[in-house]
Structures are given as C-alpha cells and as structure tokens.
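Each chain, letter by letter, is given below.
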Amino acid sequence: MEYDNKRVDALLLKMQSDLEAHIKAANISNPMMVGIHSGGVLVAQRLHEAMAIEDTLGELNSGFYRDDFSSNGLSAQMKPSLMPLSVEDRHIILVDDVLYTGRTIRAAMNELFDYGRPASITLVVLIDRCHRELPIEAQVVGVKHELGPDQYLQVSGPDQLAMSII
Ligand code: 5GP
Ligand code: MG
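Notes on the structure in this doc start here. (Residues numbered from 1 in each chain as written. Chains lettered and ligands numbered in written order. Predicted model: local features only at pLDDT ≥ 70, side-chain atom pairs only at ≥ 80, totals over all residues. Heavy atoms only, no water.)

**What to know about the overall build of the protein chain**
And then number 1: Summing up its helical and strand segments, the protein chain has three helices and eight strands in all.
And then number 2: Of the regular secondary structure in the protein chain, the N- to C-terminal order runs β-α-β-α-β-β-α-β-β-β-β.
And then number 3: Relative to its full complement of 166 residues, the protein chain shows a buried share of 48%.
And then number 4: The contacts in the protein chain between residues at least 6 apart in sequence include a share of 67% that link residues at least 24 apart.
And then number 5: Put simply, the protein chain shows about 8,600 Å² of open surface, and 49% of that area lies on carbon and sulfur atoms. (Helix = DSSP H or I, 4+ residues; strand = E, 2+ residues; numbered from the N terminus. Buried < 20%, exposed > 50% of the residue type's maximum accessible area, 1.4 Å probe, protein only. Contact = heavy atoms within 4.5 Å. Areas by Shrake-Rupley, 256 points an atom, 1.4 Å probe, with all protein chains shown as cover.)

Here it is, written out as structure tokens:
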C-alpha cells in the first residue's frame, strides 16, 4: 500500500478539519501542540502550520519503549525534549505518526506530566495500525490500517510526507 504525498496531504486536511471540530465541540481555547519525535513532529509541524495555533510547537522525546525503528533495525537518533512553555492547565494536542500498542503514548503522557498538569490531552495520529496493548485511543485519526507484526509503515519526509507499507 502506497500513500504518495498527495494522499498524505489529503489525510492531513481531513485531520485538520476533524481536529478543529473536536476543539470546537470540547470548547478548547488556546491549545498547545506537542509532537512526538521524530515522525510525530513532522506531522505536527504540518498541522501547526495550517492551524492558527499561537504557541511554538513542543517536541517530546524520552527513551520510549518503542519508537522509530528504521527498516534496517537501527533506532533513530535521540534528541532531547523541547518544551518551550509550561503545560500546566493547558489543553495539549499530542501528535504522533503511528499508533500501535499505545506504549509510546503512555510514556509521552508520563513525560508531559513531568512538565505540569495539563487541563486535557487530545491524541492525533496519522495512522492507527491497531493491536493496542493499553487502553489508549486517538481522538483524531488520519487512516486506520491494520498491519501485521511483520509489517512496517515507512514514513518519509520532511518536506513532502509519504508513506508505504513494507
Ligand atoms: P507503540 O508505542 O504504540 O507500539 O508504537 C508507536 C510508536 O512506534 C510511534 O511513535 C511510531 O513512530 C513507532 N511505530 C510503530 N509502528 C510503526 C510503523 O509501522 N511505522 C513507523 N514509521 N513507526 C512505527
Ligand atoms: Mg515515532
């Protein structure tokens, strides 16, 4: 399955409109967006640019249980988290590229709480590959696509996002 950059752009547009509807329905004002390194930051940058979000994009990266293993089995370069502002009482839009077992999101939420107690957290993911091991769901999903344990969704970027299942 191939998602060229036009298809990913269409998914991002749909995610933006779903997220805006969610923000309105939940009466959220002045949300703060945080991307999970590294794929989640790419997706978050696109949404952050397209939406009128005042604050700088935050980036989270702790030694997560599972994150961004490339096809050759090497883990991505670790970068420190970059949280420019306090999350205390803020409505957080947490963005990742892929949601799988839910363990990365659990770890990300743990780390977020080290920066303060958010008023709410909304989860946005480009692709939900199913097979959760924790009770974590995204409020906004670009596409749901069940993948087997031997399959991997390669996300390429940063300027033009594309995806292919390998
Ligand atoms: P989880 O922690 O939910 O099991 O896995 C989600 C995290 O692992 C995401 O941050 C994502 O970057 C990475 N991940 C899991 N499966 C895939 C995949 O098929 N493709 C990519 N690009 N990342 C994945
Ligand atoms: Mg990731």
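**Remarks on the pattern of salt bridges**
And then number 1: Applying the stated criterion to the full structure yields six salt bridges.
And then number 2: Across the salt bridge formed by R46 and D9, the nearest N and O atoms sit 2.8 Å from each other. In this pair, R46 sits in helix α2 (residues 39-50) while D9 sits in helix α1 (residues 5-25), placing the two residues 37 residues apart along the sequence.
And then number 3: For R46, a relative accessible area of 24% corresponds to the partly exposed category.
And then number 4: When salt bridges with common partners are traced through the structure, they connect D128, R132 and E137 into a single cluster. (Salt bridge = Lys/Arg side-chain N within 4 Å of Asp/Glu carboxyl O.)

**Considerations on the nonpolar core**
And then number 1: Among the nonpolar cores identified, the biggest contains 29 residues, and M33 and M163 are the most heavily contacted of them.
And then number 2: Secondary structure elements with two or more residues in this core: α1, α2, β4 (91-99), β5 (120-128), β6 (140-144) and β8 (162-165).
And then number 3: Within the second largest apolar cluster, 16 residues are counted, among which are V87, L99, A108 and V125. (Core = buried A, V, L, I, M, F, W, Y, C linked by side-chain atoms within 4.5 Å.)

**Overview of unusual backbone geometry**
And then number 1: The omega angle of the peptide bond from H37 to S38 is 0°, so this bond is cis rather than trans.
And then number 2: Relative to the helices and strands, S38 is located in the loop between β2 (32-36) and α2.
And then number 3: In the Ramachandran plot, N27 falls in the positive-phi region, its phi being about 60° despite a non-glycine side chain.
And then number 4: Its location among the elements puts N27 in the loop between α1 and β2.
And then number 5: Judged by its relative accessible area of 68%, N27 falls in the exposed class.
And then number 6: Even without being glycine, C130 reaches a positive phi, approximately 65°.
And then number 7: Mapped onto the elements of the fold, C130 is located in the loop between β5 and β6.

**Brief notes about the sheet that holds β8**
And then number 1: Across the sheet, three strands lie side by side as β1-β8-β7; this open sheet has antiparallel pairing. The open sheet terminates on both sides in strands that have one partner only, identified here as β1 (2-3) and β7 (153-156).
And then number 2: Relative to β8, β7 runs antiparallel, the two sharing four bridges. Pairing of V155 across the sheet is with M163, part of β8. (Pairing = 2+ DSSP bridges.)

**What about the packing of aromatic side chains?**
And then number 1: Overall, the coordinates contain zero aromatic pairs when judged by the stated rule.
And then number 2: The side chain of R7 reaches across the aromatic face of Y3, ending 4.2 Å from its centre.
And then number 3: Positioned above the aromatic ring of Y100 is the side chain of R129, whose terminal nitrogen or guanidinium carbon lies 3.8 Å from the ring centre. (Phe/Tyr/Trp six-rings, centres within 6.5 Å; stacked < 30°, edge-to-face > 60°. Lys NZ or Arg CZ within 6 Å of the ring centre and 35° of its normal.)

**Looking at the pairing of β2**
On a regular strand, each side chain points to the face opposite its neighbour's, so the side chains alternate between the two faces of the sheet.
And then number 1: Here β2 lies mainly inside the structure; five of its five residues are buried.
And then number 2: Residues M32, V34 and I36 point to one face of β2 and M33 and G35 to the other, with burial holding for every one of them.
And then number 3: Note that β2 and β4 share four bridges and pair parallel. The partner of M32 across the bridge, within β4, is I92.
And then number 4: Pairing between β2 and strand β3 (residues 58-60): three bridges, direction parallel. Counted as the bridge partner of V34 is G58 from β3.

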